[in-house]
Amino acid sequence: MNSLRLAVLLSIALFTLSSCGKEEEAPTSADAGDGPHNSLLSYVPAGTPYLGGNLAPAPNDVIDSFLKRLEPAAATAQAQLDELKAQMEASPDGADPASRLGLAVLHELDGKLNRAGLESLGLDLQGQQVFYGMGVFPTARVELGDAQALKATVQRVLDATGITEPQQEFQGVAYWKVAAESDPSQGKLPVSVYIAILEDHIAFSIFPDSGQTELLPLFLGLKKPDTSDAETRLKAVQSKYGYTPYFAAVADMSLLADELLSPDALFVRSAGDWYTKELAGLGDQCKSEFREIIGHTPRLVMGSTELTANAIGMQYVVETQPDQALQLIGLLADVPMGTAASNRLLEFAFGLKVGAVRDFLLAKATAVTASPYQCEQLQDLNAQATATLAKLNEPLPPLVNNFRGLRLSLNQLSMGQSSVPEAAAGLLAVHVDQPELFVGMAQMFLPDLSSLKLVKGEPPVQLPQTMIPLADTVAFAALTESAIGIAMGADEEKALVPYLEQSAATNGTFLSVSYDSAAYLDFTSKLQDGLEEFTEQADETADPEAGQQGPVKTVSEAMRQAYANAVDRSQIDARFTEQGLLIDSRMTFK
């Protein structure tokens, strides 16, 4: 059974490579002119609490461009496969089931770590996909290029491994069922993983054995929902937020609450006695209060904002009630944010009115303490609100209350052998209501600053060398109406005042991060290497051969290097809007 589990997991790793969308024939239904369609959406029941998928295929040139960038890593992986095959074939442990399984998978992948090779196994790198909930139980479907070829691939692996446990069958449809670890006495629902290779796609799901009678026909496609609103819901999300048709997803928190709290819901019917008893113990008051909390964020949304050979963009949305959204917008400070056009190593900007944030949290804590939750399961929230109220009622120091934001524009960061910065160049800005107060407080605690004459509108003043942690590095400070700034590194002071006086955007952004992705990978890699070296030196009992480069690490390093060579910049922006919290991420490629 363990071998079967491993075989299934390895198969899943292959299947997930099918991830975009496939060219569709013109639909024959009445909505033929309503844009592209995803036939797998017909399996999604109406009112599912969450769903996601594509409505159009990803362009072939996009898929091919990414595969092209991964060719060096694929070549390294192929070399490692060849080496592993030779080792396993020569190993006296070759008769071990796990070794036979690994060797069988390697044989199937041999020479096929490319688009043509993967598609020959039955995969479709332009396949449609959808994930959704049968109730709350996760289900995913991925279109295949050749279902029979994939079945043959899996069967060859099973035959070579000596796994004889047959697939199960229901009404003539075969499937695999792998029991997951569970313990009803500990409140863990006994569930199993279901996998089926159907006529044109592969399906995955997780649900309890107690719900098999109702759920298995739906999972195997023997019984399709009478109605499905999946396509309508995805298109509505795509239209509202301007997403591309390549991916969109939505989770309705109210529908999710219904599934968990309604006695006649699919999840409750399938979960069995252990959950029914828990649900009965909640009572109407608890259910009402749970729904009230969930109602503050009605939906979670995500979607593709850009997909080309040179850039990928995604957006994540936490929708809030309109009054809550307006309150969040009121927390914004007028702090300039970074720009995607920057070529600096790192651009970071954060801006919120600390005093307003404190008042916002104070109002929330006050509301809970004034009308505490009655549900026993929510008493911890009452206690947290009381503790928060006590802390927030303490007066804020003037510097904290006047704080509006922080910005950093880094142009250079050099790491030493001990993973400690040796050199840096860039600009730092602290935005406050009264910069002079900030400087005055700093001069009280740092005597070296007492002789500096920082005046608004005057050129930057050089800082004493004793205040700079990096040797042979110059630094300057300057003051404007709303910020105090520091420039570190040669010639950086020329850009300090213009940096401090940049105008703020008005699109609700309060956090912006833009960075050179390859430099970030190099930085984190050096940090990790330094940590591993330190750990090995501190552990006298460590195996001296443990740090040697194994095949998995070799392939991982090749993937990291291929990624570093391909990627250009990454940017993340978080903003408050009338919809709620929006987080945009974008990655560009060389």
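Summary of the structure given here.

A separate point is the nonpolar core. Ranked by size, the top nonpolar core spans 50 residues in total, and within it Phe207, Phe219 and Phe267 carry the most contacts. With residues up to four places along the chain from it excluded, the contact list for Phe267 reads Val136, Phe137, Leu189, Glu259, Leu260 and Tyr275. Core analysis: the next-biggest nonpolar cluster, separate from the first, contains 21 residues, Ala104, Leu118, Val157 and Leu158 among them.

As a further point, take helix H12 (residues 283-294). Taking 1.5 Å per residue, 12 residues should reach 16 Å; H12 reaches 17 Å between its end C-alpha atoms and fits that length. Buried within H12 we find Cys286, Lys287 and Glu289. Down the axis of H12, the buried set is contained in an arc of 165°. They therefore lie on one face.

Okay, the side chain of Glu259 next. Along the polypeptide, Glu259 turns up in helix H9 (residues 253-261). No salt bridge is formed by the buried Glu259; its nearest oppositely charged neighbour, Arg269, is found at 6.9 Å. Of the polar contacts made by the side chain of Glu259, one reaches the backbone nitrogen of Phe267; its length is 3.2 Å.

The next point concerns the state of the cysteines. Taken as a whole, this structure holds 1 disulfide when the rule is applied. The side chain of Cys286 participates in a disulfide bridge whose partner is Cys375; the two sulfur atoms lie 2.0 Å from each other. Between Cys286 and Cys375, the disulfide has an S-S torsion of 100° and is therefore right-handed. You can see Cys286 sitting in helix H12 and its partner Cys375 sitting in the loop between helix H14 (354-370) and helix H15 (379-392), a full 89 residues away along the chain. Using a relative accessible area of 5% as the deciding quantity, one classes Cys286 as buried.

Our focus in this paragraph is the pattern of salt bridges. Under the defined criterion, the tally for this structure stands at 18 salt bridges. In this structure, Arg156 engages Glu108 in a salt bridge whose closest nitrogen and oxygen atoms are separated by 2.9 Å. Of this pair, Arg156 sits in helix H6 (residues 147-161) while Glu108 sits in helix H4 (residues 97-109); the two residues are 48 residues apart in sequence, bridging distant segments of the chain. Looking at Arg156, the relative accessible area reads 40%, which means it is partly exposed. We classify Glu108 as buried; its relative accessible area is 11%. The residue Arg233 makes a salt bridge to Asp229 at a minimum N-O spacing of 3.9 Å.

Quick look at the packing of H14 against H15 now. The interhelical angle for the contact between H14 and H15, taken along N-to-C directions, is 135°, at an axis separation of 8 Å. Taken together, the axes of H14 and H15 are oblique relative to one another. Handedness of the H14/H15 crossing: left-handed. Seen from H14, the contacting residues are Arg358, Leu361, Leu362, Ala365, Thr366, Val368 and Thr369; seen from H15, they are Leu381, Asn382, Ala385, Thr386, Thr388, Leu389 and Leu392. Of the residues assigned to the contact of H14 with H15, the class counts are 8 nonpolar, 5 polar and 1 charged.

Our next topic: unusual backbone geometry. In this structure, Gln171 takes a positive phi of about 50° despite not being glycine. With respect to the helices, strands and loops of the structure, Gln171 is situated in the loop between strand E4 (168-170) and strand E5 (173-179). A positive phi angle is found at Asp491, which is not glycine, with a value near 70°. Relative to the elements of secondary structure, Asp491 occurs in the loop between strand E16 (483-488) and helix H18 (496-500).

Two numbers describe a pair of aromatic rings. These are the distance of the centres and the angle of the planes. Per the counting criterion, the structure on display carries 10 aromatic pairs. Look at Tyr241 and Tyr243: their rings are 5.6 Å apart centre to centre, the planes differ by 20°, and that puts the pair in the stacked class. Tyr243 shares its class with Tyr241; the two are buried. Above the face of the Tyr43 ring, Arg141 is positioned so that its terminal group lies 4.2 Å from the ring centre.

Sheet topology note: the strand E10 (residues 311-319)/strand E19 (residues 580-589) ladder contains 9 bridges and is antiparallel. Pairing of Val317 across the sheet is with Leu582, part of E19. Counting the residues that bridge the hairpin from strand E18 (residues 567-577) to E19 gives 2 residues.

Definitions and limits used
- Residues numbered from 1 in each chain as written.
- Predicted model: local features only at pLDDT ≥ 70, side-chain atom pairs only at ≥ 80, totals over all residues.
- Heavy atoms only, no water.
- Core = buried A, V, L, I, M, F, W, Y, C linked by side-chain atoms within 4.5 Å.
- Buried < 20%, exposed > 50% of the residue type's maximum accessible area, 1.4 Å probe, protein only.
- Contact = heavy atoms within 4.5 Å.
- Helix = DSSP H or I, 4+ residues; strand = E, 2+ residues; numbered from the N terminus.
- Expected span 1.5 Å × (residues − 1).
- Arc of directions from axis to C-beta.
- Lys, Arg positive; Asp, Glu negative; His and termini not counted.
- Salt bridge = Lys/Arg side-chain N within 4 Å of Asp/Glu carboxyl O.
- Polar contact = N/O pair within 3.5 Å; in protein donor to acceptor, adjacent residues only side chain to side chain.
- Disulfide = S-S within 2.5 Å.
- Axes fitted to C-alpha atoms, helices over the stretch in contact; angles between N-to-C directions.
- Parallel < 35°, antiparallel > 145°, perpendicular 65-115°, else oblique.
- Left-handed = near helix turned anticlockwise from the far one by under 90°.
- Nonpolar A, V, L, I, M, F, W, Y, C, P; charged D, E, K, R; others polar.
- Phe/Tyr/Trp six-rings, centres within 6.5 Å; stacked < 30°, edge-to-face > 60°.
- Lys NZ or Arg CZ within 6 Å of the ring centre and 35° of its normal.
- Pairing = 2+ DSSP bridges.

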